[in-house]
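# Fold and geometry: a report
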Amino acid sequence: MQALLYTLAPVLAVVLGAIIASRTKLQPGLVAGLQHLAATEILPQVKHEASPSATLIGGAAGVATMLALKAFEARFRGPMALLAAIGIDILVDGLVLGLAFVAGEKAGFLLTIALTLEVLFLGLTLTNELAETYRSRLRIIVIVSAMALLLPIGALAAVPVATLSPVMIAGFLSFGLMALLYLVTEELLVEAHEKPDTPLISSMFFVGFLALLTLEEIMG
C-alpha cells in the first residue's frame, strides 16, 4: 500500500508532462535533449545469487517480445510498438519500485524520486511523438495518462512477485532489462539522433545517467 501511494508522484509527473507538451510546441533540440534524459533509466537489479538460467530465460523472453513488437511496427502504421515498449518499461518500473519498498522504506523513497524525474521526461517526449500521429490533444493526454497508470499496477504486482524465490524475481527483472534496453537503443536514442544534435544534447544522456547512478549509490 505504501508503494502504491508513492507511485502517485510519478503518475502525476507523467500527466503534467503530457499536458505541458500538448500545449507547448517543443523545439527539436529540446526534444532531443529530453529523449536523452528519458533514456537514462534505472536498470533493474538482476540478483547475482540467482541462477544464470533464470536470467537467460527471462532475458530471452524479453528480447523475443521486443523483436515481435518491432516486426509489428514494421507491418502496421502508427506508434504502437513505441507505446508497447514504454508500457512494458513503466510496468517494470512499478514492479521494481514495489520490490524496493519490500527491501526498505528508504530505498523505495529514493527510487520514487528518480522515477518521478524519469517518467516526467518520458511523458514529455512520448506526447511529442504522439503529436505526429494524433491531432487531438485530449486523446494524446488520455493515452499518456493511461500509460502512467501501469506504474501503480506494476507496484501492485510486486506484492505476489516478492513472495517468489530470488530465481523467479531475477527472471522478471531480466525480462524488464531487455525491454528497457530496447526502448533506449531502438526508440528514444534513434528518435533523438534524427533531430539536430550538439555535444550539449548528447551529454544529457550521461548527465542523467550519472545523476541516477549517484542516487543508486546513496540507496546502497
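These numbers were taken from a predicted model, which means no experiment stands behind them.

## A short note on the overall build of the protein chain
For the protein chain, the count of helices and strands is 10 helices and 0 strands. The order of α-helices and β-strands along the protein chain, N terminus first, is α-α-α-α-α-α-α-α-α-α. Of the contacts made within the protein chain by residues no fewer than 6 positions apart, 84% connect residues no fewer than 24 positions apart. For the protein chain, the accessible surface area stands at approximately 11,000 Å², while carbon and sulfur atoms represent 72% of it.

## Comments concerning empty space enclosed by the protein
Tallied over the entire structure, the rule returns 2 cavities of 30 Å³ or more. Of the voids in this model, the second largest cavity is the one considered here, and its volume is about 40 Å³. Lining the second largest cavity are Val14, Ile86, Ile90, Val119, Leu122, Gly123 and Leu126. Looking at the lining of the second largest cavity, the elements that each hand over two or more residues are helix 5 (80–103) and helix 6 (105–130). Considering each element in turn, the lining of the second largest cavity owes the most residues, 4 residues, to helix 6. For the lining of the second largest cavity, the per-class residue count stands at 6 nonpolar, 1 polar and no charged.

## Some words on the confidence of the model for the protein chain
Summing up the model confidence of the protein chain, the mean pLDDT is 78 and the portion of residues at 70 or higher is 86%. By mean pLDDT, helix 3 (residues 28–38) is the weakest element of the protein chain at 71, and helix 7 (residues 137–148) is the strongest at 89.

## Notes on the nonpolar core
Residues Met66, Ile86, Leu99, Leu126, Leu130 and Val144 are the most contacted members of the largest nonpolar core, which totals 44 residues. Of all the secondary structure elements, the ones that give two or more residues to this core are helix 2 (8–23), helix 4 (52–75), helix 5, helix 6, helix 7, helix 8 (150–161) and helix 9 (166–193). Considering each element in turn, this core owes the most residues, 14 residues, to helix 5. Apart from the residues lying within four places of it in its own chain, the contact partners of Leu99 are Ala158, Val161, Ala162, Ile169 and Leu173.

## Observations concerning the packing of helix 7 against helix 8
Their axes nearest at 4 Å, the elements helix 7 and helix 8 cross at an angle of 15 degrees. One finds that helix 7 runs roughly parallel with respect to helix 8. Contact residues: helix 7 offers Ala146, Met147 and Ala148, while helix 8 offers Leu150, Leu151 and Pro152. Among the residues making up the contact of helix 7 with helix 8, the classes are represented as 6 nonpolar, no polar and no charged.

## A look at the side chain of Thr127
Of note, Thr127 is situated in helix 6. On the accessibility criterion, Thr127 (2% relative accessible area) is buried.

## Brief notes about the environment of Phe206
Considering the arrangement of structural elements, one finds Phe206 in helix 10 (residues 199–219). With a relative accessible area of 54%, Phe206 lands in the exposed category.

## Thoughts on the side chain of Thr7
Summarising the element assignment, Thr7 is placed in the loop between helix 1 (2–6) and helix 2. Not counting residues up to four positions away in its chain, the partners in contact with Thr7 are Leu97, Leu151, Pro152 and Ala155.

## Some remarks on helix 8
If you check helix 8, its first and last C-alpha atoms are 16 Å apart, about what 12 residues at 1.5 Å a residue would give, namely 16 Å. Looking at helix 8, one finds that the buried residues are Leu151, Pro152, Gly154, Ala155, Ala158 and Val161. Buried residues in helix 8, looked at end-on, bunch into an arc of 165 degrees, giving them a common side.

## Observations concerning the packing of helix 2 against helix 7
Two elements in contact, helix 2 and helix 7, have axes whose closest approach is 9 Å; the angle formed by their N-to-C orientations is 160 degrees. Taken together, the axes of helix 2 and helix 7 are roughly antiparallel relative to one another. For the pair helix 2 and helix 7, the sense of crossing is right-handed. Here helix 2 contributes Val11, Val14, Val15, Ala18, Ile19, Ser22 and Arg23 to the contact with helix 7, which in turn contributes Arg137, Ile141, Val144, Ser145 and Ala148. Across the contact of helix 2 with helix 7, the residue classes tally to 8 nonpolar, 2 polar and 2 charged.

About the criteria used
- Residues numbered from 1 in each chain as written.
- Predicted model: local features only at pLDDT ≥ 70, side-chain atom pairs only at ≥ 80, totals over all residues.
- Heavy atoms only, no water.
- Helix = DSSP H or I, 4+ residues; strand = E, 2+ residues; numbered from the N terminus.
- Contact = heavy atoms within 4.5 Å.
- Areas by Shrake-Rupley, 256 points an atom, 1.4 Å probe, with all protein chains shown as cover.
- 1 Å grid on protein atoms, 1.4 Å probe; cavity = no way out; pocket = protein on both sides within 12 Å on 5 of 7 lines; lining within 4 Å.
- Points joined across faces, edges and corners; volume = space filled by probe spheres on them.
- Nonpolar A, V, L, I, M, F, W, Y, C, P; charged D, E, K, R; others polar.
- pLDDT = per-residue confidence, 0-100.
- Core = buried A, V, L, I, M, F, W, Y, C linked by side-chain atoms within 4.5 Å.
- Buried < 20%, exposed > 50% of the residue type's maximum accessible area, 1.4 Å probe, protein only.
- Axes fitted to C-alpha atoms, helices over the stretch in contact; angles between N-to-C directions.
- Parallel < 35°, antiparallel > 145°, perpendicular 65-115°, else oblique.
- Expected span 1.5 Å × (residues − 1).
- Arc of directions from axis to C-beta.
- Left-handed = near helix turned anticlockwise from the far one by under 90°.

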